[in-house]
Amino acid sequence: MHQRSQSSQERLKKILSYLVMSLVGIVLLIPLLWMVFTSLKPMEEIVRYPPTFFPEEINIANYWETINAFPFWQYAKNTLFITILVVIGNVLSNSFIAYGFAKLAFPAKNLMFALVLSTMMIPGFVTMIPQYVLFSKIGWVGTYLPLIVPSFFGSAFNIFLMRQFYMSVNNELIEAAKMDGANHLYIWSRLMIPLTKPALITIAINAFNGAWNDFLGPLLYIQNQEQYTLQIGLQVFQNQSTTQWNYLMAGATLVLLPTILLFFIAQRYFIEGMDLTGGSKG
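Scope of this entry: the structure provided in the associated data block. Since the structure is predicted, the reported quantities are computational estimates derived from the model, not experimental observations. (Residues numbered from 1 in each chain as written. Predicted model: local features only at pLDDT ≥ 70, side-chain atom pairs only at ≥ 80, totals over all residues. Heavy atoms only, no water.)

**Considerations on the nonpolar core**
Basically, it comes down to this: Buried Ala, Val, Leu, Ile, Met, Phe, Trp, Tyr and Cys residues that are joined via side-chain atoms within 4.5 Å together make up what is termed a nonpolar core. Relative accessibility thresholds used throughout: buried, under 20% of the residue-type maximum; exposed, over 50%; partly exposed, between the two (1.4 Å probe, protein chains only). Think of it this way: any DSSP run of H or I at least four residues long counts as a helix, any run of E at least two long counts as a strand, and we number them from the N terminus. In what follows, a contact means two residues having at least one pair of non-hydrogen atoms within 4.5 Å.
Formed by 46 residues in total, the largest nonpolar core has its most connected members in Y99, M162, Y166, I187, M192 and L230. Elements with a minimum of two residues in this core: α4 (72-103), α7 (145-148), α8 (156-167), α9 (171-179), α10 (184-195), α11 (197-212) and α13 (230-240). A total of 11 residues in this core trace back to one element, the largest contributor, which is α4. If sequence neighbours within four positions are ignored, M162 has contacts with N94, S95, A98, T196, A199, L200 and I203.

Listed below in structure tokens is the structure:
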């Protein structure tokens, strides 16, 4: 009887926890649903009072009007170009640096790793002006280079995440590879990267979201309208005339769609990648 009572209590706790998480999820989804539903309404319904949550008249044409109202595909191509390079830079640099901290022995390694982690405490706004001055002096302002090149030098959190995974890989695998004549570059690229795929996918997802949704970086460094990203393009589109909220919400939905699809496709790897214990490998 005691075991049955205990199991029923655990089942009740699980049901309550799932119920609370479901309610929180619904609350967090309300702004997203409001944006999608607004993108499907005609302007007359949006400005009506009292407002309606669900569209009474679904107007898919809002999306075609939005795409044709400004150079959507040109801005999407620019954004995708930057995003792909940023993802490549983050995956390569963070995994390579983390391998050194996890598996190589060199003087003051722990001190250097502590210094890398300490950079997480520096707000981005503190380094914004010095970075702009530096990029301006070397002639990078007005190009995509300030948005892409920094991703090839790693970030503290991603290095920490990858190091945790590399630390969980058995050193005997590396020693065996060395006995077969493999160098560290070969071990990193052919042995370590396949074993830490969840962490790499997590880094790639975070890098994609950061670069795809970046507004401040392109606003600072891009000057030519033909080089605008989608985030800047939506802002310019909003400022051109009286705000057409149905078109603006349609554009925002289109911009957000790739990040949502990416998360649903790779959510299993993302959840595994955020396991900082790394699991045991090898």
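**Quick look at the packing of α8 against α11**
How we decide: Here an axis means a line fitted to C-alpha atoms, over the contact stretch when the element is a helix, while the angle between two N-to-C directions is reported on a 0 to 180 degree scale. The cut-offs work like this: below 35 degrees is roughly parallel, past 145 is roughly antiparallel, 65 to 115 is roughly perpendicular, and the gaps in between are oblique. When residues are sorted by character, Ala, Val, Leu, Ile, Met, Phe, Trp, Tyr, Cys and Pro go into the nonpolar class, Asp, Glu, Lys and Arg into the charged class, and all the rest, Gly among them, into the polar class.
Contact geometry for α8 and α11: axes closest at 9 Å, N-to-C directions at 170 degrees. On the basis of their axis angle, the class for α8 and α11 is roughly antiparallel. From α8, N158, L161, M162 and F165 reach across to α11, where they touch A199, L200, T202 and I203. Its residues assigned to classes, the contact of α8 with α11 comprises six nonpolar, two polar and no charged.

**A short note on the packing of aromatic side chains**
Basically, it comes down to this: Two aromatic rings from Phe, Tyr or Trp, using only the six-membered ring of Trp, form a pair when their centres are within 6.5 Å; if the ring planes differ by under 30 degrees the pair is stacked, by over 60 it is edge-to-face, and anything between is tilted. Here, a charge over a ring is recorded when the distance from Lys NZ or Arg CZ to the ring centre is within 6 Å and its angle to the ring normal is within 35 degrees.
For the coordinates displayed, the defined rule picks out 19 aromatic pairs. Measuring from centroid to centroid gives 6.0 Å for F81 and Y144, while their planes differ by 45 degrees, and the two rings are tilted. Of the two residues, F81 is situated in helix α4 and Y144 in the loop between α6 (124-137) and α7; the sequence distance between them amounts to 63 residues. Judged by relative accessible area, F81 falls into the partly exposed class, the value being 43%. Ring centres of F135 and W140 lie 5.6 Å apart, and the angle between their planes is 15 degrees; this geometry places the pair in the stacked category. Classification of W140 by relative accessible area gives partly exposed; the value is 24%. One aromatic cluster is present, built from ring pairs that chain together F70, F72, W73, Y75, Y228 and F237. Across the ring face of W34, the terminal group of K41 is positioned such that the distance to the ring centre comes to 5.1 Å. Looking at R163, its charged tip hangs above the ring of F113, at a distance of 4.3 Å from the centre.

**Topic: the environment of S17**
Position of S17 among the secondary structure elements: in helix α1 (residues 2-39). Once the C-alpha coordinates of S17 and T66 are considered, the two residues, 49 residues apart in sequence, prove to be 41 Å apart.

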